[in-house]
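Secondary and tertiary structure notes
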Amino acid sequence: MPFFDFHIHPSLKSQFARPADKPTPWDHIHLVFAHPDIILRLLKCQGIDDVVDSQASLTQMAEAGLNLIAIALHPPEAAMMNDGLIQKIADEEQTRFIFNDRIDAIGTGDIYFQLLNEELDHLEQHLNQGGKRLKLINHINEYNAADTNTIHAIINVEGPHAFYGKRSGRTLAQIMTDFEANFRQFTENRGVRIFAMNIAHLEQNDFCNHAFGIQIFKQDPFFPKGNGLTNEGLQLLQWMQEKQILCDIKHTSLFARRTVYGLGWHGAHWPLVCTHAGLTGIHSDNRCRYLMGRPKSTAEGFLPVKYLKPNGYLDGTSFNPCSINLYDDDVVTIIQSGGMIGLSMDQRILGSPDESMMGEGYTEEIFDFEVISPLEKDWFRDTERKFIGDEFVLKAEHIDTANDRRKTDRFHARHFLNQVFHLFVIARQNDIDLSLMASKICIGSDFDGMINPVDSCPNVTALSDFKELLLSQFIFWETEFEGKAHFRVSDSIAPAQLLDQIFYQNALAFLKEWYT
């Protein structure tokens, strides 16, 4: 059976190279550093090669059996380029994939639309290699499941900034005039169809406030400053509906997505999606019950927040309760709209603690961190704040047991299945048919999106083995789950069938309904 991925970046990392040195989407990028120990300290994570090297080149996809994917086009944002970190990496990098003059050009923030077109051009210029083919499709009836030599791709866009023109020294009205012209030019004249688009990403835009989600860069430039959805954001959603582009709510702040839901536009003719999601493990009403201490605003009005991590159902697992992830009520809204949820392969998003908190002898609290906008913080805090209790949060001793298999690939596999199990808990708690929930989950890995991937599936070539690992352990791990949730998912659907649906069949059915 083939595989599907709802959010994947085969052409993102090549954008940092000069045109003459630009790797093709088929090439395997492997960075060589003069001083790897320096890069290790800069990126603050183990397994540097797993982050910076190719996770999803087209060659890797062909090898892995992915013949249906959603390519996420994404111009890198200016604040990342102006941080200084990438420049340091470029200075250490020996393999001609990162150049500072290219980084400086992207850092102006004035060439996003150029970058969007260049990324698509680069894909279109390299459609064939070694008997394998990339085919950009505009309708699902162009997909041939039996053609294993062809990677059939739909196009998503990650972030509306992709349609910005030159912004330096220009008024908002001028910026928006250019934005609309670029949006219409791309959607009407480029010959490709956008299936879904995020209305926010990691940096502030003029449309929608974002959820804080940056890790390795200086954090201040990425602090959310907005207040929900703007008038320009409302206009953008109208244009997206006009073009039948689905709204991907990943990266929007909680208040912003509540505003989107409140419009009442989603449903029978326009489902919501979250293409590369993780779960908070809690209802949004309980978001402040996991606060670590009493958060205090900065002098600039931002609200830094530390959360204790909600326990998972499997020993040693936990959830990431930051608002970049989906709360239980977000999941209900997406499912009731007829939408689809793609599960990420990012360790952090799936709830795995920061590596620094899993070292030998670590005895302090394990937490996740985010920052709330000055304009949304009062609303965000206006909910129940009574501490949930130590028995409901992850402690250091919980991940130092034989069951967690922390030092093997099973630790992250357990976190992935913990997410799947929680989706069924949400369904039972909200009178959603379990077979419906089983049909609304797929893979949205975010591979090659500069993520730290799960050890059990570091790139697309490991998808088959990862699926087999989940199947082989499903019933054993479900026994742990049953002890806390008091029901078994396998009573409603066979594990093999569920995994076939998650890794391929659900997405194909969704595209047959909405990509016609």
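Report on the accompanying structure. (Residues numbered from 1 in each chain as written. Predicted model: local features only at pLDDT ≥ 70, side-chain atom pairs only at ≥ 80, totals over all residues. Heavy atoms only, no water.)

**Quick notes on the pairing of strand 2 (residues 66-73)**
On a regular strand, each side chain points to the face opposite its neighbour's, so the side chains alternate between the two faces of the sheet. With eight of eight residues buried, strand 2 lies mostly within the body of the structure. Direction of pairing for strand 1 (residues 3-8) relative to strand 2: parallel, over a ladder of four bridges. Paired with Asp-5 across the two strands is Ile-69, which belongs to strand 2. Bridge count for strand 2 against strand 5 (residues 150-157) is six bridges, and the pairing is parallel. For Ala-72, the partnering residue across the bridge sits in strand 5 and is Asn-156. (Buried < 20%, exposed > 50% of the residue type's maximum accessible area, 1.4 Å probe, protein only. Helix = DSSP H or I, 4+ residues; strand = E, 2+ residues; numbered from the N terminus. Pairing = 2+ DSSP bridges.)

**Here we look at the environment of Tyr-112**
By the secondary structure assignment, Tyr-112 is in helix 7 (residues 112-124). For Tyr-112, a relative accessible area of 2% corresponds to the buried category. Between the C-alpha atoms of Tyr-112 and Asp-390, which are 278 residues apart in sequence, the distance is 46 Å. Residue contacts for Tyr-112: discarding those within four places in its chain leaves Pro-75, Pro-76, Glu-77, Ala-78, His-161, Ala-162, Tyr-164, Arg-167 and Glu-203. Here the side chain of Tyr-112 touches Ala-78 through a polar contact of 2.8 Å, landing on its backbone nitrogen. (Contact = heavy atoms within 4.5 Å. Polar contact = N/O pair within 3.5 Å; in protein donor to acceptor, adjacent residues only side chain to side chain.)

**Focus: the packing of aromatic side chains**
All told, the structure shown has 26 aromatic pairs when counted by the stated rule. Seen in terms of ring centroids, Phe-416 and Phe-466 are 5.2 Å apart; in terms of plane orientation they differ by 75°. Their pairing is edge-to-face. Highlighted residues: Phe-416 in helix 13 (residues 410-429) and Phe-466 in helix 15 (residues 463-485), separated in sequence by 50 residues. Neither Phe-416 nor Phe-466 differs from the other in exposure class; each is buried. If you follow Arg-287 out to its NZ or CZ, it ends over the ring of Phe-380, 4.9 Å from the centre. (Phe/Tyr/Trp six-rings, centres within 6.5 Å; stacked < 30°, edge-to-face > 60°. Lys NZ or Arg CZ within 6 Å of the ring centre and 35° of its normal.)

**Thoughts on helix 7**
Across its 13 residues, helix 7 extends 19 Å between first and last C-alpha, which sits within 8% of the 18 Å expected from 1.5 Å per residue. Listed in full, the buried residues belonging to helix 7 are Tyr-112, Phe-113, Leu-115, Leu-116, Asn-117, Glu-119, Leu-120, His-122 and Leu-123. Against the buried residues of helix 7 lie strand 2, helix 4 (78-81), helix 6 (100-106), strand 4 (132-136), strand 5 and helix 8 (172-189). (Expected span 1.5 Å × (residues − 1).)

**Overview of the packing of helix 10 (residues 254-263) against helix 11 (residues 328-336)**
Direction vectors running N to C along helix 10 and helix 11 enclose 30°, while the axes themselves pass 12 Å from each other. On the basis of the axis angle, helix 10 is roughly parallel to helix 11. The element helix 10 and its partner helix 11 pack so that their crossing is left-handed. Packed against helix 10, whose contacting residues are Leu-254, Arg-257, Arg-258 and Tyr-261, the element helix 11 presents Asp-329, Asp-330 and Thr-333 at the interface. Of the residues belonging to the contact of helix 10 with helix 11, the class tally is two nonpolar, one polar and four charged. (Axes fitted to C-alpha atoms, helices over the stretch in contact; angles between N-to-C directions. Parallel < 35°, antiparallel > 145°, perpendicular 65-115°, else oblique. Left-handed = near helix turned anticlockwise from the far one by under 90°. Nonpolar A, V, L, I, M, F, W, Y, C, P; charged D, E, K, R; others polar.)

**Here's the deal with the pairing of strand 10 (residues 340-343)**
Burial along strand 10 is two-sided: Met-340 and Gly-342 and Ile-341 and Leu-343, pointing in opposite directions, are all buried. In the sheet, strand 8 (residues 273-277) pairs with strand 10 via three bridges, with the strands oriented parallel. Its bridge partner being in strand 10, Val-273 is matched across the sheet by Met-340. Note: strand 10 against strand 12 (residues 441-443), three bridges, orientation parallel. Each residue of the ladder has a partner; that of Ile-341, found in strand 12, is Ile-441.

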